[in-house]
Structures are given as structure tokens and as C-alpha cells.
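Report on the structure
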Amino acid sequence: MIRIHTQPAIRFEGQRPGTSGLRKKVGVFQQPGYLESFVQSLFDVLPDATGKTLVLGGDGRFHNREAIQVILRMAAAKGYARVFVGRGGILSTPAASAVIRRRGASGGIVLSASHNPGGPDGDFGIKYNIANGGPAPESLTEAVHARTLEVEAIQCVEAPDVPLDSDAVVRLGATSVEVIDPVADYAEVLRGLFDFDAMRRLFASGFRLRMDAMCAVGGPYAKAILEGELGAPVGTVVNAQPLEDFGGMHPDPNPVHAADLIRHMSGPGAPDMGAATDGDADRNLIVGRNFVVTPSDSLAVLAMHARKVPGYRDGIAGVARSMPTSTAVDRVAAALGVACFETPTGWKFFGNLLDAGLITLCGEESYGTGSSHVREKDGLWAVLFWLNLIAVTGESIEPLVRGMWREYGRCVYSRHDYEGIATADAQALMAGLRDQLDALPGREVQGMRIAAADDFAYIDPVDGSVSRGQGVRVVFADGSRLVLRLSGTGTEGSTLRLYLERFENDASRYGMDASEQLGAMVRAAEELAQIRRWTGMDAPTVVT
Ligand code: G16
């Protein structure tokens with residue numbers, strides 16, 4: 001007979017619902033009762049779990065295994081009928097979404113701090129996904145946050161740890177815990193979308209890919225599918241073994257943190273294609289020889305060619321992008337005659353549009369791309385989409401992107417991050433900007449006329465919910481844009497993100513470096529936001 005043990009909870013301000021669950025330093029999560037109090041708050045606001053199924057897994061970072069055992073004992077006390085947990089406690093974010101959907105779960109808990117560094121001094125995180133496989137909507141994260149302020153008692157069953165390293169079924173009280181293959185459900189979804197035979201022929205013809213899994217959870221998935229099923233040579237996937245500290249890497253697939261990949265993709269002996277995925281394998285970076293694809297351009301190219309891939313053969317219903325993502329995909333959508341939605345930053349805002357069948361593809365500037373196949377962004381999906389396009393068009397990465405620019409013009413794009421700013425200063429900078437908004441339209445800055453300026457607000461077309469204060473956007477007369485917002489995913493101080501976009505349709509200028517083309521935009525941002533004054537920094541900490 002298993003007993004339910006009750007212990008006092010600690011009340012804490014879990015985290016104001018930001019972009020993605022609760023993220024804190026590992027040390028914070030290791031405080032007695034901390035993780036438990038958050039999970040209890042979640043379970044307190046979720047409905048009765050009788051007869052229901054929960055999915056559980058994480059990106060394998062430091063503290064993953066301990067957290068899994070705690071959550072299993074609490075899920076049993078909550079009364080779930082079944083819990084599916086990935087072998088070794090592993091599930092990438094897109095794989096968790098696939099498992100939730102395919103197995104009819106009422107939701108899932110994913111342990112990850114995404115692209116943030118791991119290890120004992122790194123970050124840890126937890127997020128809840130709902131029955132459609134996507135991130136919890138704001139109404140639920142608000143409710144959990146409110147509950148963290150008043151949660152009283154933690155309930156868990158008294159039971160030994162569940163062995164996680166082989167597929168098995170274990171009973172915890174009335175709950176059946178099933179350890180499952182973390183790759184199988186997800187691989188099955190991808191098989192239904194892409195032309196695996198065409199990609200096999202591509203690899204058989206000698207096509208070379210360098211897939212950098214950044215010592216994170218994407219490794220096992222990429223190895224099984226690229227090397228195992230598609231016949232890519234062994235060694236195609238590098239940094240393939242997930243490590244608790246990601247081997248000291250910062251598993252954020254952008255040209256700065258994936259500098260090793262960028263280095264391998266330059267020079268005469270470079271492979272045909274490079275790609276990387278992040279800590280929980282939902283982000284992606286696509287690289288050609290001496291050519292980096294911006295996430296905004298990637299989304300536009302995939303939308304433009306979607307019909308060439310089996311899963312999207314009948315065309316796409318529509319597209320969506322987060323507000324700071326460049327407007328490249330908007331022009332493709334207009335040409336295809338499909339709707340294009342602009343949402344706040346955060347994958348959760350795509351969920352309703354996907355569920356309602358209003359869109360098929362969506363993406364964000366933060367290296368996230370995805371589709372209706374799951375309800376999360378999906379790194380390996382993006383890699384396979386590009387491979388499938390290359391296999392059926394015979395064109396490589398750079399010509400595919402340049403072909404899109406030729407048709408629709410180029411959105412020259414860059415993001416400048418200012419990390420670790422004192423939160424009060426970051427907020428003062430944003431408040432200063434917001435105060436000027438009404439006076440901006442019509443004003444000239446650095447020789448450019450401002451056409452419109454606002455603090456982005458979104459009304460969800462499906463459920464009517466309103467999200468305000470989602471970032472300041474300044475649009476110039478030629479369609480160029482400046483966007484400023486504070487990150488919702490950092491764990492140290494505040495991070496200011498400045499997004500710069502200039503529309504260029506003079507093909508003779510496509511070869512120019514983005515930084516040359518954006519000089520006036522950077523100066524305009526400084527003039528409007530006084531970034532130096534508020535950050536005390538002369539230059540951004542990260543430029544992508
Ligand atoms: C999370 C969300 C993304 C979002 C990103 C923004 O990414 O899932 O949809 O674009 O945060 O981050 P920030 O607020 O720092 O700009 P992830 O990959 O960290 O889960």
C-alpha cells in the first residue's frame with residue numbers, strides 16, 4: 001500500500017508568465033521544496049487527473065534525473081492513470097509535443113531551460129504543455145503563478161525511484177509509469193511529412209551535412225534519423241552525446257554560439273550544408289557554404305517551396321511569425337494568396353492558429369521554425385525540410401535563399417542583445433520609449449521618416465484574448481523596422497533585444513554585409529532609446 005506524504009510548500013513568486021515556463025539557476029531549483037512547490041501549484045490548478053495521461057521528459061541537463069523522480073512521485077499523488085516518461089528521462093521539446101498528441105495525453109511536463117547553458121552553475125527549467133502538445137496559454141501560466149503565492153502543501157507518494165534506463169512499466173500507487181523510447185513517436189511523425197527516399201538518394205550521392213547537436217538532447221534524434229534512417233555517413237552528427245553540462249557549450253544555435261559550425265562551413269573543404277539544434281532541440285540554425293541563413297529568411301524559403309515536400313503538397317493554409325521576425329514571409333504569403341499572422345514573441349501564440357487550421361507554417365527570429373505537425377518549434381524538422389528541398393530541387397542552400405530574395409526582395413536583418421542590464425534600467429529604457437510613441441509618426445530620424453510607432457498588442461483571432469505590451473515597434477516610411485523588447489527567458493538581470501530590419505529590393509546590394517546596411521538603423525535606435533545611457537554599454541553583448 002503506497003502512502004501519500006504531505007509536506008509544507010514554500011510560497012514564492014514562481015515567475016511572472018514569461019515566454020516559456022519557469023527558468024532559474026540550478027541552485028534555486030535545488031532548494032528543498034522549490035521544484036515541488038511549483039509542480040504542486042501546477043497540479044493544484046489543473047483539473048482532476050483521474051483516468052488521465054501525463055508525458056514527462058527533459059533535455060538531460062544537470063538535475064534532470066532528480067527532478068523526474070520528484071515529479072513522478074507527485075504525479076502519482078495527483079492521481080494520473082498513466083505517465084509516459086522518456087528513457088533516461090529524455091524527451092526533446094518537439095518529441096514531447098509529438099508524444100502528447102499521439103498518445104492522447106492531457107498534457108506534459110518538459111524539463112529544460114532551452115538554449116541556456118547547463119551544469120551545476122547553469123540554468124534549469126520546467127514548462128507545461130497542454131493536450132494539443134503546445135505550450136500552456138497565458139491564462140494557465142497566470143493561474144499557476146497566482147497559485148505559487150498561496151500553495152500550502154506538497155503531496156507525493158512514498159516510493160523508491162523508478163528505474164529510467166530501460167523500457168518498462170512500473171506502478172507507483174495507482175499510477176502506471178511507462179518508460180518509452182524517446183525517439184519512436186517523433187520519428188514516425190517526420191516519416192509522414194518528408195520524402196525519406198529522396199533524402200536517402202541525396203546522401204547516397206555524396207551530399208555532406210554537418211549536424212551539430214551541441215552536446216544536447218538533439219543528438220540521439222539526429223543520429224537515429226539522419227545516420228540511422230537516411231544513410232548519412234556516421235560522423236555526420238557531431239557533439240551527438242547529450243551531456244549534463246552540454247560539454248560547457250552554450251547550446252544556442254546562432255552564429256555566435258555555434259561558431260565552431262560556422263568555422264567548419266567556411267573554406268574550400270566545407271560540407272554542403274551545416275545545421276545545429278539547441279538544448280531541447282526545438283531551435284535550428286541552417287548554414288550553407290560561407291552562407292548563414294537568417295531564421296526569418298528560412299521561414300520564407302520553406303513557405304515558398306512548401307508544396308515540393310510531401311507533407312505540404314496540398315499547399316499551406318497560412319503562415320505566422322512573431323512580431324520581431326522579419327517581414328520576408330509576409331511577401332511570400334501575399335504571393336501565395338494565404339493569410340499571414342503577426343503574433344507576440346512566444347511559441348504559445350501559434351497554438352490557437354494551428355489548432356483552428358488558419359496556418360500551417362510558423363516561425364520566429366529566435367531560430368525557431370515549425371508547422372502543424374506538432375505544437376512546438378522543431379529543430380530537426382527544419383533540417384529535414386531543407387534537406388528535402390535540396391533533394392528535390394537540386395539547388396543548395398545559398399541559391400535557394402537568393403532565389404527567394406530575387407522574387408520578393410531582401411529583408412536585411414540583425415538582432416542586437418544587451419545582456420545582464422539592471423532590471424530597473426531596462427524598464428526605464430522601455431518606459432522612455434513608450435512615452436514618446438505618440439510623437440514619433442512623421443518625425444525624421446537619421447534621415448529616415450517614421451511612418452508608425454506602437455507598443456505591440458495582439459488580439460487572438462480564435463479566442464479573442466488580448467496580450468498587450470509585447471514590444472515597441474517603429475516602422476519607417478520604406479517599410480524598414482526597429483523593434484525593442486525585453487527578453488522573457490534570461491535568468492540574470494534583464495536582456496534588451498534590439499531587432500533591426502531594412503527592406504532592400506535592389507539586387508545589386510544583396511551582396512553587402514548586413515552590418516553595413518543597417519548602420520543608420522542602429523544610430524536611429526540609439527537616438528530614440530538612448531541605449532548607451534541606460535545599459536552603460538558601448539556595444540551589444542551578442543549580435544546575430
Ligand atoms: C522561448 C519561446 C520562443 C521565443 C523565445 C523568446 O524560446 O519558446 O517562442 O521566441 O523564448 O525568447 P526571449 O523572450 O528571450 O526573446 P525557448 O527556445 O527559449 O523556449
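Residues numbered from 1 in each chain as written. Predicted model: local features only at pLDDT ≥ 70, side-chain atom pairs only at ≥ 80, totals over all residues. Heavy atoms only, no water.

1. What to know about the pairing of strand β26 (residues 494-504)
- Extensive coverage of β26 is indicated by the burial of eleven of its eleven residues.
- Burial along β26 is two-sided: the residues S494, L496, L498, L500, R502 and E504 and T495, R497, Y499, E501 and F503 are all buried.
- As paired elements, strand β19 (residues 410-421) and β26 share ten bridges and run antiparallel to each other. Note on β26: the bridge partner recorded for S414 is L500. (Buried < 20%, exposed > 50% of the residue type's maximum accessible area, 1.4 Å probe, protein only. Helix = DSSP H or I, 4+ residues; strand = E, 2+ residues; numbered from the N terminus. Pairing = 2+ DSSP bridges.)

2. Description of the domain arrangement of the protein
- Assigned domains within the protein: domain 1 (2-182), domain 2 (186-408) and domain 3 (410-543).
- A C-alpha centroid distance of 28 Å is found between domain 1 and domain 2.
- Every contact between the two is made by 34 residues of domain 1 and, on the other side, 33 residues of domain 2.
- For D280, the salt bridge goes to K127, with nearest N and O atoms at 3.4 Å.
- The tally of links between domain 1 and domain 2 comes to 13 residue pairs in polar contact (both at pLDDT 80 or more).
- Sorting elements by how many residues they give to the side of domain 1 that touches domain 2 places helix α4 (residues 93-102) first, with seven residues. (Domains from an automatic or database assignment. Contact = heavy atoms within 4.5 Å. Salt bridge = Lys/Arg side-chain N within 4 Å of Asp/Glu carboxyl O. Polar contact = N/O pair within 3.5 Å; in protein donor to acceptor, adjacent residues only side chain to side chain.)

3. Some remarks on unusual backbone geometry
- Look at N239: it is not a glycine, yet its phi comes out positive at around 50°.
- The topology assignment puts N239 in the loop between β11 (237-238) and α9 (259-264).
- With a phi angle near 50°, Q530 is a residue other than glycine that sits in the positive phi range.
- Relative to the helices and strands, Q530 is located in the loop between α17 (519-529) and α18 (531-535).
- You can call Q530 partly exposed: its relative accessible area is 34%.

4. Concerning α4
- Burial runs high along α4: eight of the ten residues are buried.
- Along α4, the positions that sit buried rather than exposed are T93, P94, A95, A96, S97, A98, V99 and I100.
- In this fold, the buried residues of α4 make contact with β3 (53-58), β5 (107-111), β6 (123-130), β9 (175-180), α6 (184-191) and α8 (218-229).
- The N-cap of α4, judged by a side-chain oxygen 3.1 Å from the amide nitrogen of A95 a few residues on, is S92.
- Directly after α4, the chain includes G104, whose backbone phi takes a positive value near 60°.

5. A few points about the pattern of salt bridges
- Under the counting rule described, the total for this entry stands at 39 salt bridges.
- When the shortest N-O distance is used, the salt bridge between R87 and D181 registers 3.9 Å. Placement of the pair is R87 in strand β4 (residues 82-90) and D181 in the loop between β9 and α6, with a sequence separation of 94 residues.
- Judged by its relative accessible area of 31%, R87 is partly exposed.
- Classification of D181 as partly exposed rests on a relative accessible area of 29%.
- The residue E398 makes a salt bridge to R402 at a minimum N-O spacing of 2.8 Å. On the criterion of helical spacing, the pair formed by E398 and R402 is a turn pair, its members being four residues apart in helix α14 (residues 397-408).
- Residue E398 is classed as partly exposed on the basis of its relative accessible area of 27%.
- The class for R402 is partly exposed, based on a relative accessible area of 29%.

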